[in-house]
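# Chain and residue survey
The primary structure of each chain is shown beneath.
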Amino acid sequence: MNNSKLKKQQTLSILKPDAVSKRKIGQILSRFEDAGLKIIAARLLQLSKKEAEQFYSIHNNRVFFNDLVNFMISGPIFVQVLEGFDAIQKNRDLMGDTDPKKAIPGSIRFDFSDSIEANAVHGSDSLETAKFEISFFFPEINIYNS
Ligand code: CMP
């Protein structure tokens with residue numbers, strides 16, 4: 001596709017505790033870089049319960065909310081901002097379906113994850129979400145979409 005027609009975006013990507021504990025950070029980051037996405041900020045950290053509840057507050061009335069929060073605080077996570085043309089959709093395509101059983105072979109979740117909960121990666125699903133999620137972890141970054 002002709003990249004000149006696509007918008008340069010930034011999106012938040014998280015490598016979840018399962019991916020970090022399995023030492024898959026390097027292999028997963030290669031997927032993003034090889035697809036043309038640039039890592040412009042990154043941190044390795046462990047979320048507190050309060051932070052995880054805030055980050056996933058959009059899901060706070062879902063039945064899986066408590067399990068999701070407990071999983072996300074169970075170990076270190078790697079958070080990063082990816083930048084590139086159509087970065088939000090490109091990241092989601094690389095990740096694959098939320099449920100690894102439905103993800104296409106070759107996607108990150110198909111290759112590196114075991115369950116819908118321990119599904120290796122998270123990625124922003126819209127421009128609005130990307131703004132919230134990037135500023136949650138990287139308040140110093142000026143987000144643009146040009
Ligand atoms: P993520 O992209 O991080 O966004 C919310 C997370 O909730 C999702 O990935 C899954 O890991 C997790 N989750 C757990 N159970 C479900 C479910 N039944 N449906 C959707 N997401 C779920």
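Structure first, text after, so check above.
The shown structure was predicted, so the numbers you read here are calculated from the model rather than taken from an experiment.

### Let's talk about the nonpolar core
- If you look at the biggest cluster of nonpolar residues, it comprises 23 residues, and the most contacted ones within it are L12, I14, M72, I77, F137 and F138.
- Contributions of two or more residues to this core are made by strand 1 (8-15), strand 2 (38-45), helix 3 (49-55), helix 4 (65-72), strand 3 (77-85) and helix 7 (127-137).
- Setting aside its immediate chain neighbours within four residues, M72 contacts I14, K16, P17, L47, Y56 and I77.
- Core analysis: the next-biggest nonpolar cluster, separate from the first, contains 15 residues, F78, A87, M95 and F112 among them.

### Here's the deal with the layout of surface pockets
- Here the largest pocket is characterised by a volume of approximately 660 Å³.
- The wall of the largest pocket is formed by 26 residues, among which Y56, H59, F64, L68 and H122 lie closest to the centre.
- Looking at the lining of the largest pocket, the elements that each hand over two or more residues are helix 4, strand 4 (121-123) and helix 7.
- Take the lining of the largest pocket: its biggest share by element is 4 residues, from helix 7.
- Within the lining of the largest pocket, the residues separate by chemical class into 7 nonpolar, 9 polar and 10 charged.

### Some thoughts on the sheet that holds strand 2
- Here we have 4 strands laid out as an open sheet, ordered 2-3-1-4, and antiparallel in their pairing. The two strands at the open ends of the sheet, each matched to only one other strand, are strand 2 and strand 4. The mean inter-strand angle of the sheet, taken between neighbouring strand axes irrespective of direction, is 20°.
- Examined bridge by bridge, strand 1 and strand 4 share 3 bridges and lie antiparallel to one another. The partner of I14 across the bridge, within strand 4, is H122.

### Examining the environment of T98
- Within the fold, T98 resides in the loop between helix 5 (87-95) and helix 6 (108-112).
- A sequence separation of 67 residues divides T98 from R31, and the C-alpha atoms of the two residues are 17 Å apart.
- With residues up to four places along the chain from it excluded, the contact list for T98 reads R109, I116 and N119.

The rules behind each value
Residues numbered from 1 in each chain as written. Predicted model: local features only at pLDDT ≥ 70, side-chain atom pairs only at ≥ 80, totals over all residues. Heavy atoms only, no water. Core = buried A, V, L, I, M, F, W, Y, C linked by side-chain atoms within 4.5 Å. Buried < 20%, exposed > 50% of the residue type's maximum accessible area, 1.4 Å probe, protein only. Helix = DSSP H or I, 4+ residues; strand = E, 2+ residues; numbered from the N terminus. Contact = heavy atoms within 4.5 Å. 1 Å grid on protein atoms, 1.4 Å probe; cavity = no way out; pocket = protein on both sides within 12 Å on 5 of 7 lines; lining within 4 Å. Points joined across faces, edges and corners; volume = space filled by probe spheres on them. Nonpolar A, V, L, I, M, F, W, Y, C, P; charged D, E, K, R; others polar. Pairing = 2+ DSSP bridges. Axes fitted to C-alpha atoms, helices over the stretch in contact; angles between N-to-C directions.

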